[in-house]
Amino acid sequence: MTSAPTSCIRWFRDLTLADLPLVGGKNASLGEMVRELAPLGVRIPEGFAVTAEAYREALDEADAWGELHRALDGLDKRDVKALARAGQRCREVVYGAPMPRHVETTIREAWRELVARHGDDLSVAVRSSATAEDLPNASFAGQHDTYLNIQGEEMLLDAVKRCQASLFTDRAISYRVDNGFDHFKVFLSVAVMQMVRSDLASSGVMFTIDTESGHPDMVFVTGAWGLGENVVQGSVDPDEFYVHKPTYRQGFRSVLRRTLGDKQVQMVYASGRTREPVVNRPTPRADRARFCLSDADVLELAGAAIKIEDHYGRAMDIEWAKDGPDGALYIVQARPETAASQRKATQIEEFVLDGKGEVKARGRAVGARIATGAVRRIADARHLAEFKPGEVLVADTTTPDWEPVMKTAAAIVTNRGGRTCHAAIVARELGIPAVVGAEHATTALAEGERVTVSCAEGAVGKVYAGEVAFHREVSDIEGLKKPRTEIMVNLGNPELAFQVSLLPCDGVGLARMEFVINEHIKVHPMALLHPERIADDKERAQVLALIAGHADGASYFVERLAEGIGTIAAAFYPRPVIVRLSDFKSNEYAALLGGRAFEPHEENPMIGFRGAARYVHPAYAEGFALECKALARVRGEMGLSNLKVMVPFCRRLDEARRVLDAMASHGLKRGENGLQVYVMCEIPNNVLLIDEFAQLFDGFSIGSNDLTQLTLGVDRDSAIVAESFDERDPGMLKMLALAVEGAKRNRRHSGICGQAPSDHPEIAKYLVGLGIDSISLTPDTVLRTMRMLAEIEAAKS
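Just so we're clear, the structure is a prediction, and the values are computed from it rather than from any experiment.

Side note on the overall build of the protein chain
Scanning the protein chain for helices and strands turns up 30 helices and 30 strands. Computed over its C-alpha atoms, the radius of gyration of the protein chain comes to 30 Å, within 12% of the 28 Å expected for a compact globule of 797 residues. Across its three principal axes, the protein chain shows a C-alpha extent of roughly 95 × 50 × 50 Å. Counting every position in the protein chain, which comprises 797 residues, the buried fraction comes to 59%.

Here you go:
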């Protein structure tokens, strides 16, 4: 059978999204960006599409359709061996179909045109672009093949044929069946694109949405040294960066958060006589220890991502590459994001661990879920047939060929990979938890042992020994009536901020700085400023190792603290976030690295050297300056003016004045750029002198834990008198009333951030009756309390 010659080549510059049936999703999107976004400064490499007509014409002339039907009709894709046989036969048929003469001639002419413009050393990427690819509800990510560093006409023609044959990879056949696509109504176009020499620089993937929580205000960038296939396939643990879109649009240029990846290998051009045009080699140690992008690069990529998202009107999944010779950044693919953006906005799903267990492996969490199952270690594709549905797939990394088996797994754990790799994307689409970049997981987890895979505890995914109890909660917030009293949350962990911010709350009533210092900084602030005063050699070495790559200890502290608090402020923006200045006790400060050299021994640190008194004391004044500098960066450089600052444990008025003066001298002047400063109302003197404290501060947040302790004279750390600690005591209720009424009398904000309203609903009810402005709760009690308060308010009216 022969067909009349067709138009088999289209240059990117001549394509739009309307050409998807002719050139597939990837090519249509590239053409759309060249036409519409290149004028706005978004760089796309030059290239052309070999149309789907060329694919159809080859199969028509070879009369190959019947053979394809014989291989695929009636196929049960659950039979892995039958699937493999059918896929191999189909690929043989397509690859064996001769390329029509006029198609070959036109491709050769297009190649020569590219060479004339870019030089004899031109190399190209040859990538598949199916007519059912890169759709809003089906990405087809990694289903078809890509060939890099293709040089010369003969290599190009062969790569085009191999790409066309990859329409029938086992994984692509399985994916089409799962998503309801007819094998014979999907056709393959091929993208031929000038290579960006990222083998001499870096490349990666970015999303215009947080991939785990679905938070819409983030650009999430991942990258590694070398060509981008390693990031896509999960062969490396990449660097990660976040940029906050709303403040970027306002003109602020700051990277919100950075995480250094291990970047174990890098893909580069092969040298000498080898069969493969690209190879992986170990990344030099010095490159592994530094980020693959500068802040300026990250911000340029974020700007391009925002332009792409604005043009397409939806969350996007974008591949980028940096050219080594000219240092320019290019966009090499953009398609709709198909997982996080598809979730129902009015439904909140939460998985909660009810027990504890030994942690056998840790990595990056993908999909905020929990699952249990038996470990099945898979070394390579030859062992996939051994995998049983419901097992936990444990491997060094995965490839798209594994996808039919991955679809039956309870969870996935890999030694390598980041949150934008193939395993992560598949896990999100399937709705199963995955822990990627869990180094040594294949040796730490024994074949057949029962494990619990938890990705519901923040950015760190954990694999627990045995079956740890857990439960799933689903809340539909559609039609939820919000009370007049503001409901806020208490939060310390930045890694939970994106997920928690999706609750219908009014902001953060207490952002605990201590969590960031303890978990992300780990070092006493004064030890960072004066490491020479750390007596223990081993401890001093640990401190110096942590700050490696930073100008000094101060810049390390400021950057880490600003990133942690900034992440919380960005997640809730523009809702208010009230950050409490550090409130460690001296024994807790001493437990930080280097802390023993800077802290006194106290018999009762609960009422000792803590809070406001510490900030203006010579022993800590330098450390307090670092705290202020970090918060000033969040509000100033990052543009997160929704951040408010709260002073804890402020005993006396003169102490308050000195702290406010110190803050102003460090860039945090009350009233400047709208800065509001609150004070914790947690000492009886704060209540007794509330009229005087109201002249110095913009609001009060009742700390019920300390206020109960000091009102009732009960050490809240003492088990022997624990029964006497009760926020519901009549004396405490009177203290609460005096605090709320005093704040109202002085027209100051009144709130509560202590544990009492979370533990005792009757306290929340009592406070609403007093007319408190806000109640801050632990996230797990927000929805329940919201419904209860709405009912109370309705009953009063």
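Some words on the nonpolar core
Grouped together as the largest cluster of nonpolar side chains are 106 residues, with contacts concentrated most on F572, V647, M663 and I775. In terms of residues, this core owes the most to one element, helix α19 (residues 553-572), which gives twelve residues. Among all residues touching M663, those that are not within four sequence positions of it are L581, F624, C628, V645, V647, L668, K669 and V677. Among the nonpolar cores identified, the runner-up in size contains 48 residues, and A71, V93, V94 and V186 belong to it.

Some remarks on the pairing of strand β18 (residues 411-414)
Side chains A411 and V413 of β18 all project onto a buried face; the interleaved residues I412 and T414 project onto the opposite face, where all are buried too. In the sheet, strand β17 (residues 392-395) pairs with β18 via four bridges, with the strands oriented parallel. Along β18, the bridge assignment pairs A395 with T414. In this structure, β18 lies alongside strand β19 (residues 434-436), joined through two bridges in parallel fashion. Looking at β19, one finds that V413 is bridged to V435. In the classification by handedness, the crossover that spans β18, the intervening helix α13 (residues 422-430) and the parallel β19 is right-handed.

Points about the sheet that holds strand β13 (residues 329-336)
Two modes of strand pairing occur in sheets, parallel and antiparallel, and in both the strands are linked by backbone hydrogen bonds. Reading across the sheet, the six strands line up as β9-β8-β7-β6-β12-β13 and stay open at both edges, with antiparallel pairing between neighbours. In the strand order of this sheet, the two ends are held by β9 (257-259) and β13, each with one partner. Ignoring strand direction, the axes of neighbouring strands in this sheet form an average angle of 15 degrees. Bridge count for strand β12 (residues 316-322) against β13 is seven bridges, and the pairing is antiparallel. Counted as the bridge partner of A321 is Y330 from β13.

Considerations on the packing of aromatic side chains
Taken as a whole and assessed by the stated rule, the structure comprises twelve aromatic pairs. Both rings, one in Y55 and one in F187, keep their centres 6.3 Å apart while their planes meet at 55 degrees; by these two values the pair is tilted. One end of the pair, Y55, is in helix α2 (residues 52-61); the other, F187, is in the loop between α7 (170-178) and β5 (188-194), with 132 residues separating them in the sequence. Side by side, Y55 and F187 carry an identical accessibility label, which is buried. The structure contains a cluster of three or more aromatic residues connected by ring pairs, namely Y55, W65, F184 and F187. Between K161 and the ring centre of Y95, over which it is positioned, the NZ or CZ distance is 5.5 Å.

Quick notes on the pattern of salt bridges
Under the counting rule described, the total for this entry stands at 59 salt bridges. Across the pair D654 and R652 runs a salt bridge, and its minimum N-O distance is 3.4 Å. Judged by relative accessible area, D654 falls into the partly exposed class, the value being 31%. Each of the salt bridges in this network shares a partner with another, and the network as a whole consists of E104, R108, R112, E153 and E154.

Quick look at the sheet that holds strand β21 (residues 460-465)
Pairing within the closed barrel is mixed, and its seven strands lie in the order β15-β19-β18-β17-β16-β20-β21. With direction set aside, neighbouring strand axes in the sheet form an average angle of 35 degrees. In the sheet, strand β15 (residues 359-366) pairs with β21 via five bridges, with the strands oriented antiparallel. By the bridge assignment for β21, G363 is matched with G461. Contacts from α13 reach β15, β18 and β19 within the one sheet, and its direction differs from that of β15 by about 80 degrees.

What to know about helix α6 (residues 153-165)
Helix length check: α6 (13 residues) gives 19 Å between terminal C-alpha atoms against 18 Å at 1.5 Å per residue, within 8%. Among all positions of α6, only E153, L156, L157, A159, V160, K161, C163, Q164 and A165 are buried.

So, unusual backbone geometry
In terms of backbone geometry, most residues other than glycine have negative phi values and most peptide bonds are trans. Cis geometry marks the peptide bond from Y573 to P574, where omega comes out at 5 degrees. As for its placement among the helices and strands, P574 is situated in the loop between α19 and β25 (577-580). A positive phi angle is found at D63, which is not glycine, with a value near 50 degrees. For D63, the location among the structural elements is in the loop between α2 and α3 (65-72). For D63, a relative accessible area of 54% translates into the label exposed.

Regarding the environment of H617
Structurally, H617 can be placed in the loop between α21 (612-615) and α22 (621-635). Each C-alpha atom of the pair H617 and G87 lies 73 Å from the other, and the pair is 530 residues apart in sequence.

A word on the environment of H102
Note that H102 resides in helix α5 (residues 101-118). On the basis of relative accessible area, H102 is assigned to the partly exposed category, the value being 23%. Separated by 94 residues in sequence, H102 and C8 place their C-alpha atoms 8.6 Å apart.

Brief notes about a negative patch on the surface
On the surface, E350, D354, E473 and D780 cluster together to form a negatively charged patch. Along the chain, E473 falls in strand β22 (residues 470-476). On the basis of relative accessible area, E473 is assigned to the partly exposed category, the value being 34%.

Points about a positive patch on the surface
A cluster of like positive charges, contributed by K481, R484, K744 and K796, occupies part of the molecular surface. Topologically, R484 is positioned in the loop between β22 and β23 (486-491). Exposure remark for R484: the relative accessible area of 62% places this residue in the exposed category.

Structural notes on the packing of helix α1 (residues 20-36) against helix α11 (residues 295-312)
In the contact formed by α1 and α11, the axes pass within 12 Å of each other and the chain directions differ by 105 degrees. With respect to α11, the axis of α1 lies roughly perpendicular. Contacts between α1 and α11 pair S29, E32, M33 and E36 from the former with I308, H311 and Y312 from the latter. Here the contact of α1 with α11 is built from residues that sort into three nonpolar, two polar and two charged.

Considering the pairing of strand β6 (residues 202-207)
With six of six residues buried, β6 is to be regarded as a mostly interior element. Burial of the side chains of β6 extends over both faces: S202, G204 and M206 are buried on one face and S203, V205 and F207 on the other. Pairing between β6 and strand β7 (residues 218-225): six bridges, direction antiparallel. If you follow S202 over to β7, its bridge partner there is W225.

Thoughts on the confidence of the model for the protein chain
Chain-level statistics for the protein chain give a pLDDT mean of 92 and a share of 97% at 70 or above. Counting interchain partners and residues more than four positions distant, the pLDDT-below-50 stretch residues 1-5 has nine contacts.

Regarding the environment of L496
Tracing the backbone shows L496 in the loop between β23 and α15 (497-500). Each C-alpha atom of the pair L496 and S213 lies 9.1 Å from the other, and the pair is 283 residues apart in sequence. Sequence-distant contacts of L496, defined by excluding residues within four places in its chain, comprise E457, G458 and L491.

Some details on the packing of helix α29 (residues 761-770) against helix α30 (residues 782-796)
Interhelical geometry of α29 versus α30 gives an angle of 40 degrees and a closest axis separation of 10 Å. In terms of their interaxial angle, α29 and α30 are classed as oblique. The handedness of the crossing between α29 and α30 is right-handed. Counting all contacts with α29, which are made through P761, A764, K765, V768 and G769, the residues of α30 involved are T785, M788, L789, I792, E793 and K796. Per-class residue counts for the contact of α29 with α30 are six nonpolar, two polar and three charged.

Calculation criteria
- Residues numbered from 1 in each chain as written.
- Predicted model: local features only at pLDDT ≥ 70, side-chain atom pairs only at ≥ 80, totals over all residues.
- Heavy atoms only, no water.
- Helix = DSSP H or I, 4+ residues; strand = E, 2+ residues; numbered from the N terminus.
- Rg over C-alpha atoms; globule rule 2.2 N^0.38 Å.
- Buried < 20%, exposed > 50% of the residue type's maximum accessible area, 1.4 Å probe, protein only.
- Core = buried A, V, L, I, M, F, W, Y, C linked by side-chain atoms within 4.5 Å.
- Contact = heavy atoms within 4.5 Å.
- Pairing = 2+ DSSP bridges.
- Right-handed = clockwise from strand over helix to strand, strands pointing away.
- Axes fitted to C-alpha atoms, helices over the stretch in contact; angles between N-to-C directions.
- Phe/Tyr/Trp six-rings, centres within 6.5 Å; stacked < 30°, edge-to-face > 60°.
- Lys NZ or Arg CZ within 6 Å of the ring centre and 35° of its normal.
- Salt bridge = Lys/Arg side-chain N within 4 Å of Asp/Glu carboxyl O.
- Expected span 1.5 Å × (residues − 1).
- Patch = residues over 30% accessible without salt bridge, like charges linked within 9 Å, V, L, I, M, F, W, Y side chains within 5 Å.
- Areas by Shrake-Rupley, 256 points an atom, 1.4 Å probe, with all protein chains shown as cover.
- Lys, Arg positive; Asp, Glu negative; His and termini not counted.
- Charge placed at Lys NZ, Arg CZ, Asp CG, Glu CD.
- Parallel < 35°, antiparallel > 145°, perpendicular 65-115°, else oblique.
- Nonpolar A, V, L, I, M, F, W, Y, C, P; charged D, E, K, R; others polar.
- pLDDT = per-residue confidence, 0-100.
- Left-handed = near helix turned anticlockwise from the far one by under 90°.

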